[in-house]
Amino acid sequence: DIISQEVSTSLAFLFPLDRSKERVTKKTFWLRISPKNSPVSPEKFSGYHTGVDFEIFEWEEDTDIIIKAICSGPLLMKKWATGYSGVVAQKCELGKESVVVVYGHLKLASVQTAINTELKAGDQLGVLGKWYSSETDNERKHLHLSIHKWAGINIRGYVSTEWELSQWFDPLKLLK
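All of the points below concern the structure found in this document. (Residues numbered from 1 in each chain as written. Predicted model: local features only at pLDDT ≥ 70, side-chain atom pairs only at ≥ 80, totals over all residues. Heavy atoms only, no water.)

Regarding the sheet that holds strand 11 (residues 158-159)
Line of reasoning, step 1. The strand order 1-2-11 describes an open sheet built from three strands, whose pairing is antiparallel. Lying at the two open borders of the sheet, with one neighbouring strand each, are strand 1 (32-33) and strand 11.
Line of reasoning, step 2. Bridging between strand 1 and strand 2 (residues 47-49) involves two bridges; their strand directions are antiparallel. Bridge pairing in strand 2 links R32 to Y48. (Pairing = 2+ DSSP bridges. Helix = DSSP H or I, 4+ residues; strand = E, 2+ residues; numbered from the N terminus.)

See the structure below:
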């Protein structure tokens, strides 16, 4: 199908922040997480990780880290959600198919774009929330990025089964 062809050719989206490839050091797509085996401690979640986590560098703890839209499309949602604090969803096209891109752990007040406003790839979405604060739902400062096949907005960071995970794409295969 079209999506599989484009995923395999890495046609696609822009990285959401500078030096992105160097930042994927802890949680990748498809990784099965539990409090016992997580590369992050303490861990409060279990299941297959639906996205990729982009970590900050040591010297960035007290710096605003700008997050950019990875593709062009309208902003569908921006809200506070358990597990993320600030979370944003954007609808984009992958070939002829719609997908939803989820950006988690943003400082919600920094997201100035109105719902249904068209974003262009590379536009600033906002900044990451502060390290272990209410802006990240007491998580470390990082970006959770996931891409879900269109079926409405789905912001889950973990799912229980491989079948459920098949509804997501590995962001690293789509980013350039």
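Once the structure has been displayed, the description carries forward.
Notes on the nonpolar core
Line of reasoning, step 1. F13, I67, I70, Y103 and L143 are the most contacted members of the largest nonpolar core, which has 35 residues in total.
Line of reasoning, step 2. Elements represented by at least two residues in this core include exactly strand 3 (51-55), strand 6 (85-94), strand 7 (97-104), strand 10 (142-149) and strand 12 (168-169).
Line of reasoning, step 3. Counting residues in each nonpolar core, the second largest holds eight residues, with M77, Y84, V100 and V102 among its members. (Core = buried A, V, L, I, M, F, W, Y, C linked by side-chain atoms within 4.5 Å. Buried < 20%, exposed > 50% of the residue type's maximum accessible area, 1.4 Å probe, protein only.)

Remarks on the packing of aromatic side chains
Line of reasoning, step 1. Under the definition given, this model contains four aromatic pairs.
Line of reasoning, step 2. Plain terms: the ring middles of F45 and Y158 are 5.4 Å apart, the flat faces sit at 15° to each other, and that makes the pair stacked. In this pair, F45 sits in the loop between strand 1 and strand 2 while Y158 sits in strand 11, placing the two residues 113 residues apart along the sequence.
Line of reasoning, step 3. By relative accessible area, which is 25% here, F45 ends up partly exposed.
Line of reasoning, step 4. The interplanar angle of 10° and the centroid separation of 4.9 Å between the aromatic rings of F57 and W59 together place this pair among those described as stacked.
Line of reasoning, step 5. F57 gets classed as buried once you look at its relative accessible area, which sits at 14%.
Line of reasoning, step 6. With relative accessibility at 58%, the residue W59 sits in the exposed group. (Phe/Tyr/Trp six-rings, centres within 6.5 Å; stacked < 30°, edge-to-face > 60°.)

Thoughts on the state of the cysteines
Line of reasoning, step 1. Per the counting criterion, the structure on display carries one disulfide.
Line of reasoning, step 2. Disulfide pairing places C71 opposite C92 at an S-S distance of 2.0 Å. Disulfide C71 to C92: torsion about the S-S bond roughly 70°, handedness right-handed. With C71 in the loop between strand 4 (66-68) and strand 5 (73-81) and C92 in strand 6, this residue pair connects regions lying 21 residues apart in the sequence.
Line of reasoning, step 3. Classification of C71 by relative accessible area gives buried; the value is 3%. (Disulfide = S-S within 2.5 Å.)

Looking at the pattern of salt bridges
Line of reasoning, step 1. Under the definition given, this model contains eight salt bridges.
Line of reasoning, step 2. Residue K68 pairs with D18 through a salt bridge whose shortest N-O separation is 3.4 Å. Remark: D18 occurs in the loop between helix 1 (2-8) and helix 2 (20-23) and K68 occurs in strand 4; sequence separation between them is 50 residues.
Line of reasoning, step 3. Here K68 falls in the partly exposed class, since its relative accessible area comes to 25%.
Line of reasoning, step 4. Between D53 and R140 there is a salt bridge whose closest N-O contact spans 2.8 Å. Linking D53 in strand 3 with R140 in the loop between strand 9 (124-127) and strand 10, this pair joins segments that are 87 residues apart in sequence.
Line of reasoning, step 5. On the accessibility criterion, D53 (2% relative accessible area) is buried. (Salt bridge = Lys/Arg side-chain N within 4 Å of Asp/Glu carboxyl O.)

Geometric descriptors of this kind do not, in isolation, establish any biological role.
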